[in-house]
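Each chain, letter by letter, is given below.
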Amino acid sequence: MNATVVQHRPLEIRPLTPKLGGEIANVRLADGMSDALFRDIYAAFLRYQVLLFPPQDVPPREQVAFARRFGEVQIHVMSQYHADGYPELYRLSNLDADGKPTGKHPDKGTLAWHTDGSWQHVTGQATIIYGEVMPETGGETHFCDMYGAYERLDPLWKARIANLRAVHNLDFSRTRRHGEDPMTEEQKRAKPPVDHPVVRTHPETHCKCLYLGDHAEWIVGMPYDEGRALIEELNALAIHPDLTYEHRWKARELLLWDNRCVMHRATAYDPATQGRVIRRCTVLGEVPV
Ligand SMILES: [Fe+2]
């Protein structure tokens, strides 16, 4: 271990809701991290599903280094969003080169409930977002606990979906949210649709969760429209006030969450008058089972 690394054990964790989310008060990510501290953070990540670090400087290099502790970091197919020379970082911004709002929302797809990377064979594990600029109103990030969403389903629903697989398709979700800015043919070829179980078992907690969201298009073996209706119904059933945490951002906060067991969305803001700039990194997980 590097002698300059500061120890912060035990972690000071403030729960954000009774079930979901915890704020870690006593870690500064730019100070470096011992293996023992990372193990504690990882245990909190599995327990709380969403972790918040209060306002602090997290330069791009430190954000990527932190993400690499979790696993292999995704290089996103949408290369127009790569940030600061780091292909691991994906910047969503509505500001122009002079720092003025452009009026264009950089990713309307984030406004619908989804789970990052579900459109890939190997799906997203952690997403790590640093808030560079935050609007005064709107632009929140909301989370919903997918263990709880599965548990709330009645036995008939659970039996009905037990062995179903959904096809997740980035082109589908992107096109319907961003009709004016679709994927290129090359990007589509690079990321063809994939199917995943509707109910997945978290590989580390071994608990079942609902796994759908906005990238889920249709159900294998079911007529298209019937599958669409089922997905829409389950996506709506999943969201419940007892299972959600709504985060109102302060600039320079860092949020991280477990895509295997939460869905998330951003709320709208006025991109013509307010700035919102985030730096995002997604860690690859595994093939869902
Ligand atoms: Fe997302």
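A. Region of the structure containing the environment of Thr-184. Tracing the chain through its elements places Thr-184 in the loop between helix 5 (170-177) and helix 6 (185-190). Using a relative accessible area of 40% as the deciding quantity, one classes Thr-184 as partly exposed. Remark: the alpha-carbon pair of Thr-184 and Glu-253, spanning 69 residues in sequence, is separated by 33 Å.

B. The arrangement of the coordination of the iron ion in detail. At the metal site, the iron ion is ligated by His-114 (NE2), Asp-116 (OD) and His-264 (NE2), and these contacts range over 2.1 Å. In primary-sequence terms, the residues that donate to the iron ion follow H-x1-D-x147-H. Of the two residues, His-114 sits in the loop between strand 5 (86-93) and strand 6 (124-133) while His-264 sits in strand 15 (residues 262-266), which places them 150 residues apart along the sequence. Classification of His-114 as buried rests on a relative accessible area of 5%.

C. Just the packing of aromatic side chains, in detail. Within this structure, the stated rule accounts for nine aromatic pairs. With centroids separated by 5.2 Å and ring planes inclined at 50 degrees, the aromatic side chains of Tyr-42 and Phe-45 adopt a geometry described as tilted. Remark: Phe-45 and Tyr-42 occur in helix 1 (residues 35-48); sequence separation between them is three residues, near one turn of the helix. Site record: aromatic cluster; members linked through ring pairs are Phe-38, Tyr-42, Phe-45, Phe-53, Phe-66 and Phe-70. One residue, Lys-158, lies across the ring of Tyr-150, its end atom 5.0 Å from the ring centre.

D. Fine view of the sheet that holds strand 15. Pairing within the open sheet is antiparallel, and its three strands lie in the order 13-7-15. This sheet does not close on itself; its edge strands, each paired only once, are strand 13 (244-247) and strand 15. Strand-to-strand twist of the sheet, defined as the mean angle between neighbouring strand axes without regard to direction, takes the value 15 degrees. Here four bridges tie strand 7 (residues 141-145) to strand 13, and the two strands are oriented antiparallel to one another. Bridged to Phe-143 within strand 13 is Tyr-245.

E. Main features of the pattern of salt bridges. Tallied over the entire structure, the rule returns 20 salt bridges. As a salt-bridge pair, Arg-91 and Glu-132 come within 2.9 Å of each other at their nearest N and O atoms. Of this pair, Arg-91 sits in strand 5 while Glu-132 sits in strand 6, placing them 41 residues apart in sequence. A salt bridge links Glu-232 to Arg-228, with the nearest nitrogen and oxygen atoms 2.4 Å apart. A residue pair is termed a helical-turn pair when its members lie 3 or 4 positions apart in one helix, as Glu-232 and Arg-228 do in helix 7 (residues 224-238) at four residues.

Rules used in this analysis
- Counting from 1, residues in each chain are numbered in the order their sequence is written.
- This being a predicted model, a pLDDT of at least 70 is required before a residue's local features are given, and a value of 80 or more before pairs of side-chain atoms are given or counted; all residues contribute to the totals for chains, interfaces and linings.
- Side-chain measures were taken over the full set of non-hydrogen atoms in the model, leaving aside hydrogen atoms and water.
- Secondary structure counts use DSSP, requiring at least four H or I residues in a row for a helix and at least two E residues in a row for a strand, with both numbered from the N terminus.
- Residue exposure (1.4 Å probe, protein chains only): buried if accessible area is under 20% of the type maximum, exposed if over 50%, otherwise partly exposed.
- Donor atoms (N, O, S) are those found within 2.8 Å of the metal centre, with the cutoff raised to 3.2 Å for Na, K and Ca; water is not part of the atom list, so apparent gaps in a site can occur.
- Centres within 6.5 Å are what make two rings of Phe, Tyr or Trp a pair, Trp counting through its six-membered ring; a difference in plane orientation under 30 degrees is then read as stacked, over 60 as edge-to-face, and the rest as tilted.
- Any Lys NZ or Arg CZ that is within 6 Å of a ring centre and within 35 degrees of that ring's normal is treated as a charge sitting over the ring.
- Strands were regarded as paired on the criterion that DSSP finds at least two bridges between them.
- Between N-to-C directions, angles span 0 to 180 degrees; the directions come from axes that are lines fitted to C-alpha atoms, helices contributing only their stretch in contact.
- For salt bridges, the criterion is a side-chain nitrogen of Lys or Arg within 4 Å of an Asp or Glu carboxyl oxygen.

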